[in-house]
Structure formats: C-alpha cells, structure tokens
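Chain and residue survey
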Amino acid sequence: MNYWLMKSEPDVYGWPKLVADKRGRWDGVRNPIARRNLMHMKVGDRAFFYHSNIGKEVVGMMEIAREHYPDPTDKTGKWVAVDVKPLAPAKTPATLAAIKAEPRLKEMALVRYARLSVQPVTPAEWKLVCRMAGLEP
DNA sequence: GCCAACGTTGGC
DNA sequence: GCCAACGTTGGC
C-alpha cells in the first residue's frame, strides 16, 4: 500500500464537505508532478487530507476509492482525477508548524516542496503524522 | 532550446 | 497584502 498527502483549500473543498458527501472526486490538479502521483494511486491506498492556506494542518485520513480517470473539469483531456472516501478525522490535527518542528519529518514533501498539491508520504512519515494527529496508521 | 517575464501557490 | 518558490509562456 502506498501513502499520499493531498491538499485542498478548506473554503473551496474541505474535510467536512467530503465527510458529508461520503465520497469525493479529486479533480482540478494541473501540475505535472501532482498528476504523476495521481496516476500512481491504487484503490485502497491511504491519503492525508491537508487544509492549505486556512488551517495548514492534516485534518483526516482518506482512502483511494477509484483510480485515475480523465478529469471532467478539464477540456484538454490532459489531466486526471481520482475518487476518495473519508476514513477517519484527525483527533488533533497535525499542523504544518508541528510537522516542521519534527526533525524526523524534515524530508517530508510537505516541507520540501511546499507547492506540490498531491505528494507521496513514506511509511515512516505516515506513522509519525498519524501519531501526531491521533489517527490509527 | 534558452531565458525573461509573468502567473500562481501557499506560508507568513 | 506580501513575497519566495516554482511553473508556464512566448520571443528570439
């Protein structure tokens, strides 16, 4: 199983909306590296939901529910979307500040490539962030 | 194919 | 609101 982190601005599409919807489409990604990551996702992979801009914290855990398919919001046919399902909310959201303060998370893509909206997470990083967020890994 | 100008993301 | 980092565009 692979682990990921996906960012969304909560005032555009936030965790509570995904929970209410029970399932969501992760679309609108327009960055080649993020696209490559989307294309590597398999059903059953886990992903953190990160609130960018407002909150700046990991607020929950999701599961990939459908592998990549053409993004319906994209006319060019170049970009892809995946479907996600919420699994569990963070009991104590893991903030960017806390993640940056943890030396073992120095190499995390969230820290190193701040602008990448879909990023891989290593198993070690996954465990640590889960612990910080009060999530079952 | 290079690179300057410009646009966007996202933290602060 | 600012700006650093980075991606994209377009002239050459």
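Preceding this section is the structure that the text describes.
A brief report on the enclosed structure follows. (Residues numbered from 1 in each chain as written. Chains lettered and ligands numbered in written order. Predicted model: local features only at pLDDT ≥ 70, side-chain atom pairs only at ≥ 80, totals over all residues. Heavy atoms only, no water.)

Now for the overall build of chain A. Along its length, chain A carries five helices and six strands. Tracing chain A from N to C terminus, the helices and strands come up as β-α-β-α-β-β-β-α-α-β-α. Taken over the C-alpha trace, chain A has a radius of gyration of 14 Å; the compact-globule value for 137 residues is 14 Å, and the two agree within 12%. Projected onto the principal axes, the alpha-carbon positions of chain A cover approximately 40 × 30 × 30 Å. By the burial criterion, 45% of the 137 residues in chain A qualify as buried. Per element, the accessible surface of chain A, about 7400 Å² overall, is 54% carbon and sulfur. (Helix = DSSP H or I, 4+ residues; strand = E, 2+ residues; numbered from the N terminus. Rg over C-alpha atoms; globule rule 2.2 N^0.38 Å. Buried < 20%, exposed > 50% of the residue type's maximum accessible area, 1.4 Å probe, protein only. Areas by Shrake-Rupley, 256 points an atom, 1.4 Å probe, with all protein chains shown as cover.)

Before going further, it helps to examine the protein's contact with DNA strand B. In the vicinity of DNA strand B, the contacting residues are K7, Y50, S52, N53, K56, L96, K100, A114, R115 and S117. Taken together, the sugar and phosphate atoms account for 77% of what DNA strand B places within 4 Å of the protein. In this structure, a phosphate oxygen belonging to DNA strand B sits 2.9 Å away from a main-chain N or O atom of N53. Within the side chain of K100, one N or O atom sits 2.8 Å away from a phosphate oxygen of DNA strand B. (Near = heavy atom within 4 Å. Polar contact = N/O pair within 3.5 Å; in protein donor to acceptor, adjacent residues only side chain to side chain.)

Before going further, it helps to spend a moment on helix α5 (residues 123-133). Inspection of α5 places E125, W126, L128, V129, C130 and A133 among the buried residues, and these make up the whole buried set. Structurally, α5 contributes buried residues whose contacts are with β1 (3-8), β3 (46-51), β4 (57-70), β5 (80-95) and β6 (118-121). Positioned one or two residues after α5, G134 has a phi angle of 70°, which is positive. (Contact = heavy atoms within 4.5 Å.)

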